[in-house]
Amino acid sequence: NMVEWCLPQDIDLEGVEFKSMASGSHKIQSDFIYFRKGPFFGLACFANMPVESELERGARMKSVGILSPSYTLLYRYMHFLENQVRHQLETPGHYSHLAAFYEDKKGVLHVGPGRGSSLPPVYWLPSIHRYMYPEMKITHPAGCMSQFIKFFGEQILILWKFALLRKRILIFSPPPVGVVCYRVYCCCCLANVSLPGIGGTIPESKPFFYVNVADIESLEVEVSYVACTTEKIFEEKRELYDVYVDNQNVKTHHDHLQPLLKINSADREKYRRLNEQRQMLLYSQELEEDYNPCEEDLFVLFFLEQNNRIFQTLLEVSASQDKTLTAEHARGMGLDPQGDRSFLMDLLEAYGIDVMLVIDNPCCP
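Residue positions are counted from 1 within each chain, in the order its sequence is given. Totals for whole chains, interfaces and linings use every residue, but because this is a predicted model, local features are given only for residues with pLDDT of at least 70 and side-chain atom pairs only at 80 or more, for both listing and counting. Only heavy atoms go into the side-chain values, all of them from the structure, while hydrogens and water stay out.

Under an unreviewed UniProt entry, the name given to the protein chain is DENN domain-containing protein 11, and the source organism is Chinchilla lanigera. UniProt positions are given in the numbering used here, feature names are shortened, and annotations may be inferred rather than shown by experiment. Taken from UniProt, the Sequence similarities (unreviewed entry) comment for the protein chain reads in full: "Belongs to the DENND11 family."

Below, the structure is given as structure tokens:
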């Protein structure tokens, strides 16, 4: 893999040639891929065209991509990138459309050492305290949340707990990797909280999107992330992740996190409520064509409200005189007093909330 052309020419693109073309891509015709490069996010479109050339070993493969300080607008340019990669395969070496696009859209990408203070802020999820529908609508393509729910089913509640605890979550899947990058994004959307004073002590839920072996060093120092990979070797590198998702199989090698893998009655109830709200939304869309809140908003708000309810209760209890969290509180938060006991303990520790958990742990199931 090599970088054939770029603008501006003085930007550090080391490793981008591997980030923008997922390992194993030679087996597929086309794909798209989100990734991170330093403080920037990238989106690249890949295509693979058979050619009668011994030099190119029968196939010509290229990716065309863009880097930006924020990923929320990248997918607007997907169509342009798809057309351009096809153009690059059919007429290699013609870059005028790409140069014109860059001149039209370019922002100032601060590069080089000694400019740390002037780096643009890194935008993770659209910040929920300035939560606005239009901003969410341009963040993701329609349907990515419903695919996420269909794919994981009730297990999204397991992912929700791990995301809220800011665990290092790595999703493995063979190519194509584009849809898996959307799963990374959806996973981060599970962990939004809009209450002031929550999350100051805990790392942000960071979508790293696609990672490969070249990212191992940078992942070693991360305390929290959500990422995806096509490289099976990551499974053996347990020190890099807390939770490993192989297709629909969510697993962890940490003994203390094992109880979180079990779906409990409160999880089933939340999943039932989520689906009920989705059905009502679909029904209302059929009735009124003008009425168009989208499923993605419903999904984000469902988990935002759930998270706010939990932390509102925890903050109230921590401000009370006896600081005692009971089974009744747990049920009020939509949690299972027994099944979610371990999750609650981890949550209190992770967010540094001073509360005493008083829930009997029965010796018999």
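Another aspect to go through is the pattern of salt bridges. Salt bridge, as used here: a side-chain nitrogen of Lys or Arg that lies within 4 Å of a carboxyl oxygen of Asp or Glu. A complete count under the given rule lists 16 salt bridges for this structure. Lys37 is the salt-bridge partner of Asp12, the closest N and O atoms lying 3.6 Å from each other. Taken as a pair, Asp12 in the segment before α1 (16–19) and Lys37 in strand β1 (residues 30–37) lie far apart in primary sequence, 25 residues in all. The cut-offs for exposure are 20% and 50% of the maximum accessible area for each residue type, with area from a 1.4 Å probe on protein chains only; residues under the lower value are buried, those over the upper are exposed, and the others partly exposed. Take Asp12: its relative accessible area is 46%, and that puts it in the partly exposed class. Judged by relative accessible area, Lys37 falls into the buried class, the value being 12%. When salt bridges that share partners are traced, they join Lys232, Glu235, Asp246 and Lys251 into one network. Secondary structure is summarised from DSSP: a helix means a run of H or I of at least four residues, a strand means a run of E of at least two, and numbering begins at the N terminus for each.

Below, the discussion takes up helix α12 (residues 341–351). Residue pairs spaced three or four apart in an α-helix point in one direction, given the helix's 3.6 residues per turn. Of all the positions in α12, only Phe343, Leu344, Asp346, Leu347, Leu348 and Tyr351 are classed as buried. Residues count as neighbours in contact if any of their non-hydrogen atoms are within 4.5 Å of one another. Of the surrounding elements, those touching the buried residues of α12 are α6 (156–164), α10 (295–319), β9 (324–325), α11 (327–332) and β10 (356–357). Two residues or fewer after α12 comes Gly352, characterised by a positive phi angle close to 60°.

What follows concerns the side chain of Asp215. Topologically, Asp215 is positioned in the loop between β5 (207–210) and α8 (216–220). Assessed through its relative accessible area of 7%, Asp215 is described here as buried. With residues up to four places along the chain from it excluded, the contact list for Asp215 reads Lys19 and Tyr210.

Definitions used throughout: a 1 Å grid over protein atoms alone; a cavity as a set of points that fits a 1.4 Å probe which cannot get out; a pocket as an open set with protein on both sides within 12 Å along at least five of seven lines; a lining residue as one with an atom within 4 Å of a point. Grid points are joined across faces, edges and corners, and a volume is the space filled by probe spheres set on the points. Under the criterion given, the structure shown has 2 cavities of 30 Å³ or more. Considered as a void within the structure, the second largest cavity measures approximately 40 Å³ in volume. As for the second largest cavity, its lining consists of Ala163, Arg166, Lys167, Ile169, Ser205, Lys206, Ser224, Tyr225 and Val226. Under the convention adopted here, Pro, Cys and the residues Ala, Val, Leu, Ile, Met, Phe, Trp and Tyr are nonpolar, Asp, Glu, Lys and Arg are charged, and Gly plus all remaining residues are polar. Within the lining of the second largest cavity, the residues separate by chemical class into 4 nonpolar, 2 polar and 3 charged.

What follows is about the packing of aromatic side chains. Centres within 6.5 Å make a pair out of two Phe, Tyr or Trp rings, where for Trp the six-membered ring is used; the pair is then stacked when the planes are under 30 degrees apart, edge-to-face when over 60, and tilted otherwise. For the structure shown, the criterion picks out 22 aromatic pairs. Ring centres of Tyr34 and Phe209 lie 5.2 Å apart, and the angle between their planes is 35°; on these two criteria the pair is classed as tilted. Of this pair, Tyr34 sits in strand β1 while Phe209 sits in strand β5, and the two are 175 residues apart along the sequence. Relative accessible area serves as the criterion here: at 4%, Tyr34 is assigned to the buried category. Judged by centre distance (5.2 Å) and plane angle (80°), the ring pair of Phe302 and Phe303 falls under edge-to-face. Accessibility classification places Phe302 together with Phe303 in one group, the buried group. Members of the aromatic cluster, joined through ring pairs, are Phe148, Phe151, Phe152, Trp160, Phe299, Phe302, Phe303 and Phe343. Either the NZ atom of lysine or the CZ atom of arginine qualifies as a charge over a ring when it sits within 6 Å of the ring centre and within 35 degrees of the ring normal. Taking the ring centre of Phe208 as reference, the NZ or CZ of Arg36 above it sits at 4.4 Å.

So, on to the environment of Gln277. Its location among the elements puts Gln277 in helix α9 (residues 265–287). Since its relative accessible area comes to 31%, Gln277 is described here as partly exposed. Residues Gln277 and Phe299 lie 22 residues apart in sequence; the distance between their C-alpha atoms is 9.2 Å. Other than its neighbours up to four places away in sequence, Gln277 contacts Leu298 and Phe302.

So, about the packing of α6 against α12. Helix axes are fitted to C-alpha atoms over the stretch in contact, other axes to C-alpha atoms as well, and angles between N-to-C directions run from 0 to 180 degrees. Where α6 contacts α12, the two axes come as close as 10 Å, and the packing angle between them is 25°. In terms of orientation, α6 and α12 fall into the roughly parallel class. Across from Trp160, Lys161 and Leu164 in α6, the residues of α12 making contact are Phe343, Leu347 and Tyr351. Across the contact of α6 with α12, the residue classes tally to 5 nonpolar, no polar and 1 charged. Throughout this description, any angle smaller than 35 degrees is read as roughly parallel, any larger than 145 degrees as roughly antiparallel, any in the 65 to 115 degree range as roughly perpendicular, and the remainder as oblique.

Sizing a probe to match a water molecule and rolling it over the atoms shows the empty space that remains. Each pocket or cavity is described by its volume, and for the largest pocket that value is around 1200 Å³. Lining the largest pocket are 41 residues, with Trp5, Cys6, Val64, Gly65 and Ile66 positioned closest to its centre. Secondary structure elements with two or more residues in the lining of the largest pocket: α1, β3 (59–68), α2 (78–90) and α3 (96–105). Of the residues assigned to the lining of the largest pocket, the class counts are 28 nonpolar, 7 polar and 6 charged.

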